[in-house]
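# Observations on the three-dimensional arrangement
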Amino acid sequence: MKKLLVLIALLLSVTTYSQILEPVKWEFQSEKISDTEFELSFIANIDEHWAIYSQTVDEGGPLPTTFEFKANDSFDRIGDVVEDEKNKITKHDPVFDMVVSKFYNKAIFTQKVNVTDLDTPITGVLTFMTCDDERCLAPTDVPFEFDLAAPTDNSFGESQILEPVKWHMSTNKLNDSEYEIVFNAKMDNKWGIYSRFVEEGGPLPTLFIFDESNDYELVGEVVEGDLNKVTKHDPVFDMTVTKFYNEAVFTQKIKVKSDNFDVKGNLEYMTCDDKQCIFLPDNPFEFNYTKENGLIISGQDTSTPVNIDNKSINNALYGMSPEELTKSTLKCENEVSSLAADVKESGKSLWSIFGLGFLGGLLALLTPCVFPMIPLTVSFFTKKSDDGSNSSKGISKALLYGFFILAVYLILSVPFHLLDSVNPDILNEISTNVWLNVIFFIIFIFFAFSFFGYYELTLPASWTNKTTQGESVGGILGIFFMALTLAIVSFSCTGPILGSLLAGSLSADGGAWQLTAGMGGFGVALGLPFALFAMFPNMMNSLPKSGGWLNTTKVILGFLELALAFKFLSNADLVKHWGILKIEVFLGLWIIIFAGLALYLLGKIKFPHDSPIKKLSFFRISSGILVAAFVIYLASGFRVNKETNTFTSLTLLSGLAPPVGYSFIYPKECPNNLDCFKDLKEGVAYAKKVNKPIMLDFTGYACVNCRKMEEHVWPEGKIKDYLNDDYVLISLYVDDKKELPEDQQVEVERINGGTRVLENYGHKWAHFQTQFFQSNSQPYYVLLSPDGKEILNKPVGYTPDVEDYEAFLQCGLDVANDTK
């Protein structure tokens with residue numbers, strides 16, 4: 001709820017970061033009451049028209065002012081923080097449209113403490129939000145520290161001065177009339193400064209403000225270099241941002257227009273580590289120009305930034321550089337056809353995810369939140385036809401209503417396209433992020449018990465109220481708000497389905513486009529019935545009546561959510577190598593879950609909102625038998641495959657269950673008991689020794705299609721023989737979170753600009769794939785010569801057609817043999 005309120009406050013803010021506002025300044029004081037008792041004072045000095053809020057506000061309003069003390073044995077708090085009533089006003093707040101208590105001009109908060117050790121400071125963090133009558137600033141965390149051994153009046157920032165960033169400025173002469181000013185920032189370890197370009201609601205950007213002058217002209221804008229620029233999740237602001245570590249370089253060109261002048265201005269920046277931020281708005285700079293000396297500044301640092309030596313780094317990491325990699329001139333007759341599957345699959349997968357989204361939308365229609373809305377909404381649009389007026393207008397509005405339902409869900413996927421454009425690896429990193437998968441596991445468990453009826457998931461009532469008010473606008477805009485209202489009020493039923501769609505799309509190839517396709521299918525399925533029934537009202541007579549079957553549908557979905565939850569926990573377990581959810585445990589859990597579903601369908605288990613069952617329907621009996629058969633199918637996964645000496649892989653669980661080699665009883669390092677290498681240099685050295693071509697297998701522990709290939713294509717006929725006898729298999733896991741040795745944790749350039757630091761093996765192999773083969777999807781298969789420096793034929797991605805994949809391997813082998 002707190003994050004929601006923060007988001008509302010940021011959306012209401014109409015300020016821009018070109019004008020830095022700091023309307024509240026804090027002072028901290030302490031007063032000795034007795035030998036062991038002290039009173040701590042927190043004093044807020046507030047600019048005119050601005051205010052901060054009381055410690056107590058109603059839910060749905062602004063963030064209250066809070067005080068969090070870091071616990072230690074040196075003191076005990078006596079009661080709670082007390083706020084002085086002076087300057088406290090309780091009135092209607094136009095920003096939040098509610099009555100709140102807040103302070104103007106000055107606010108004083110006090111906390112009494114009993115101290116047992118004067119030498120240990122009392123520390124903590126206070127959090128406050130400040131607003132004027134039109135806007136709010138983002139909530140701010142202010143650390144505090146009281147040294148009671150020598151009490152003093154300390155203004156915020158004076159008790160401990162942090163200076164993690166040092167700036168050096170220099171100039172370069174470009175020609176007789178143009179100079180370049182260089183701003184070079186060097187940051188302490190773990191501290192970073194932000195790009196000039198950040199999203200609203202995030203950190204403050206780095207700004208260079210030049211005083212206006214007729215003596216010189218700015219040529220373009222300040223340019224920020226790509227050195228040490230990293231785009232990643234920022235834990236302080238809980239969003240993806242672009243920032244610089246270690247060192248950053250900014251440049252501004254100026255054109256000289258007179259013989260003697262000064263260039264003055266101010267630099268504003270924010271610097272953060274993983275826990276705290278410092279905003280430094282006052283950093284004036286000044287350069288002097290004369291015709292004799294040119295543009296100079298005292299104490300300038302003319303050191304040249306170190307450039308990244310890509311060739312040396314690639315040779316150290318991979319034993320070669322992209323420039324050394326060549327493509328064979330020999331061709332195979334079947335090369336093009338063997339690659340067609342990769343092209344077809346891309347389009348096919350989007351239609352598949354659209355179909356799954358459509359199916360999800362149909363399931364959502366059959367839930368108690370949506371199904372009863374169909375006749376009510378359709379009758380609203382067609383009611384005019386009952387009194388003889390033109391019914392075509394009602395039908396057109398119903399069609400528009402259905403379209404807007406689709407539009408609402410498509411809009412939800414837009415932010416993920418923006419993330420994908422910032423960094424091509426970002427969705428892969430999100431989908432394989434260990435803690436995100438753990439969060440998905442917890443969310444799905446939460447969704448499952450909501451479907452079981454133990455509690456309801458609802459969005460804030462204020463959202464519904466706002467959209468309902470929008471319906472009164474009328475016309476097209478009013479219809480849009482009706483569609484938005486449906487999306488909000490039905491969230492308790494559609495939310496878990498949409499969550500499954502989001503998580504599944506992030507875990508699959510195609511990322512943002514997969515999500516858009518899925519959301520499109522969901523929106524079409526949800527909006528289509530409203531339009532169809534408005535056009536053909538008589539069809540509503542064939543609809544079943546609302547009843548207990550709607551809750552049965554929800555409970556069935558709850559069991560499915562519960563089963564899928566363990567898929568995400570399995571992803572995290574595979575990536576981090578925890579070894580807690582191996583194939584035996586996973587299959588056992590699924591058997592228990594679906595056995596429970598079978599018992600529910602057969603009336604042996606009941607949930608809170610279930611209606612009494614007088615007689616089992618045909619649907620319940622047949623569904624219960626089908627689910628029981630699926631339980632038997634799951635149990636068959638414990639059969640041992642004698643050829644691979646592993647449990648038998650189940651086709652229906654490909655990509656959902658962990659690999660069969662990930663086992664307590666029959667552990668295997670490589671799929672299908674094959675010999676493989678997981679280090680590039682070791683694999684290439686072995687291939688040279690045995691003079692066999694190489695198959696690079698770019699894969700992932702959480703990659704669904706990788707498991708399908710390994711479990712259902714690789715074991716087939718000649719393919720297994722090729723991989724066993726003719727190729728050296730090197731499997732590189734792009735989501736392996738195992739930390740790299742320190743000497744390999746280097747900074748590298750991204751293929752689309754910028755830099756990144758390779759921290760783990762997943763980063764290393766993902767960088768290798770994008771830099772050398774211009775691809776970042778998995779699975780991805782590349783056939784190389786024994787020395788690893790010649791690509792034998794065109795690489796392929798997911799190729800489920802056994803004949804196509806066999807032809808791909810045969811082609812590479814033919815080329816390798818022809819070049820010997």
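Residues numbered from 1 in each chain as written. Predicted model: local features only at pLDDT ≥ 70, side-chain atom pairs only at ≥ 80, totals over all residues. Heavy atoms only, no water.

Of the regular secondary structure elements, the protein chain holds 20 helices and 33 strands. For the protein chain, buried positions account for 49% of its 820 residues. Within the protein chain, counting contacts between residues at least 6 apart in sequence, those at least 24 apart form 71% of the total. For the protein chain, the exposed surface amounts to about 39400 Å²; the carbon and sulfur share of it is 55%. (Helix = DSSP H or I, 4+ residues; strand = E, 2+ residues; numbered from the N terminus. Buried < 20%, exposed > 50% of the residue type's maximum accessible area, 1.4 Å probe, protein only. Contact = heavy atoms within 4.5 Å. Areas by Shrake-Rupley, 256 points an atom, 1.4 Å probe, with all protein chains shown as cover.)

If you trace the 4 strands from one edge of the open sheet to the other, you get 6-7-3-10, paired in antiparallel fashion. Looking along the sheet, the strands with just one partner apiece sit at the ends: strand 6 (88-93) and strand 10 (130-131). Pairing between strand 3 (residues 51-53) and strand 7 (residues 98-104): 3 bridges, direction antiparallel. By the bridge assignment for strand 7, tyrosine 53 is matched with lysine 102. (Pairing = 2+ DSSP bridges.)

The next subject is the nonpolar core. One finds Phe559, Trp590, Phe594, Leu597 and Leu653 to be the most contacted residues of the largest nonpolar core, which totals 33 residues. At the level of secondary structure, the elements contributing two or more residues to this core comprise helix 8 (434-451), helix 13 (548-576), helix 14 (583-601) and helix 15 (618-635). Here this core takes 10 residues from helix 14, the largest share from any one element. Residues contacting tryptophan 590, with those up to four places away along its chain left out, are Ala563, Phe566, Phe630, Leu634, Leu653 and Leu656. Counting residues in hydrophobic clusters, the runner-up holds 28 residues, among them Ile313, Met320, Ala687 and Leu784. (Core = buried A, V, L, I, M, F, W, Y, C linked by side-chain atoms within 4.5 Å.)

A few words now on the pattern of salt bridges. The full count for this structure, using the stated rule, is 8 salt bridges. A salt bridge links lysine 88 to glutamate 83, with the shortest nitrogen-to-oxygen separation between them at 2.6 Å. Relative accessible area serves as the criterion here: at 23%, lysine 88 is assigned to the partly exposed category. By relative accessible area, glutamate 83 is classed as buried at 12%. Put simply, glutamate 710 and arginine 707 hold a salt bridge, and the shortest N to O gap is 3.0 Å. Of this pair, glutamate 710 and arginine 707 are both found in helix 17 (residues 704-712), 3 residues apart, which corresponds to roughly one turn of the helix. Of the two residues, glutamate 710 and arginine 707, neither departs from the other in class, the shared state being buried. Connected through shared salt-bridge partners, Glu83, Glu85 and Lys88 make up one network. (Salt bridge = Lys/Arg side-chain N within 4 Å of Asp/Glu carboxyl O.)

Simply put, disulfide is the name for a covalent bond between the sulfur atoms of two cysteines. Going through the model one piece at a time under the given rule, you end up with 1 disulfide. One disulfide in the model links cysteine 670 with cysteine 676; its S-S distance is 1.8 Å. Of note, the bridge from cysteine 670 to cysteine 676 carries an S-S torsion of about -75 degrees and is left-handed in sense. An identical accessibility class is assigned to cysteine 670 and cysteine 676; each is buried. (Disulfide = S-S within 2.5 Å.)

What follows deals with the packing of helix 14 against helix 15. For the pair helix 14 and helix 15, the least separation of the axes is 8 Å and the interaxial angle reads 165 degrees. Classified by the interaxial angle, the pair formed by helix 14 and helix 15 is roughly antiparallel. For the pair helix 14 and helix 15, the sense of crossing is left-handed. Every residue of helix 15 that contacts helix 14 at Leu587, Trp590, Ile591, Phe594, Ala595, Leu597, Ala598, Tyr600 and Leu601 is listed here: Arg620, Ser623, Gly624, Val627, Ala628, Phe630, Val631, Leu634 and Ala635. Residue classes in the contact of helix 14 with helix 15 are distributed as 15 nonpolar, 2 polar and 1 charged. (Axes fitted to C-alpha atoms, helices over the stretch in contact; angles between N-to-C directions. Parallel < 35°, antiparallel > 145°, perpendicular 65-115°, else oblique. Left-handed = near helix turned anticlockwise from the far one by under 90°. Nonpolar A, V, L, I, M, F, W, Y, C, P; charged D, E, K, R; others polar.)

This part covers the sheet that holds strand 4 (residues 66-69). Read from one edge to the other, the open sheet built from 3 strands follows the order 4-9-11, with strand pairing classed as antiparallel. Whereas interior strands pair on both sides, the edge strands pair on one side only; in this sheet they are strand 4 and strand 11 (140-146). In this sheet, adjacent strand axes meet at a mean angle of 25 degrees when their direction is disregarded. Examined bridge by bridge, strand 9 (residues 122-128) and strand 11 share 7 bridges and lie antiparallel to one another. The residue of strand 11 that forms the bridge with leucine 126 is valine 142.

Turning to the packing of aromatic side chains, a few remarks are in order. Two aromatic rings, taken as a pair, are described by how far apart their centres are and by the angle between their planes. One pass over the structure, following the stated rule, counts 58 aromatic pairs. An angle of 65 degrees between the planes, with centres 5.5 Å apart, marks the rings of phenylalanine 244 and phenylalanine 250 as edge-to-face. Take phenylalanine 244 and phenylalanine 250: they sit in the same class, and that class is buried. Among the aromatic residues, those joined into a cluster by ring pairs are Trp26, Phe28, Phe42, Phe67, Phe69, Phe75, Phe103, Phe109, Phe128, Phe144 and Phe146. Over the ring of tyrosine 662 we find lysine 582; its NZ or CZ atom is 5.3 Å from the centre of that ring. The residue whose ring lies beneath arginine 620 is tyrosine 600, and the NZ or CZ to ring-centre distance is 5.0 Å. (Phe/Tyr/Trp six-rings, centres within 6.5 Å; stacked < 30°, edge-to-face > 60°. Lys NZ or Arg CZ within 6 Å of the ring centre and 35° of its normal.)

A grouping of Leu602, Ile613, Leu616, Ile621 and Ile625 is seen on the molecular surface, where their side chains present a nonpolar patch of about 360 Å² in accessible area. Given a relative accessible area of 31%, leucine 616 falls into the partly exposed group. (Patch = residues over 30% accessible without salt bridge, like charges linked within 9 Å, V, L, I, M, F, W, Y side chains within 5 Å.)

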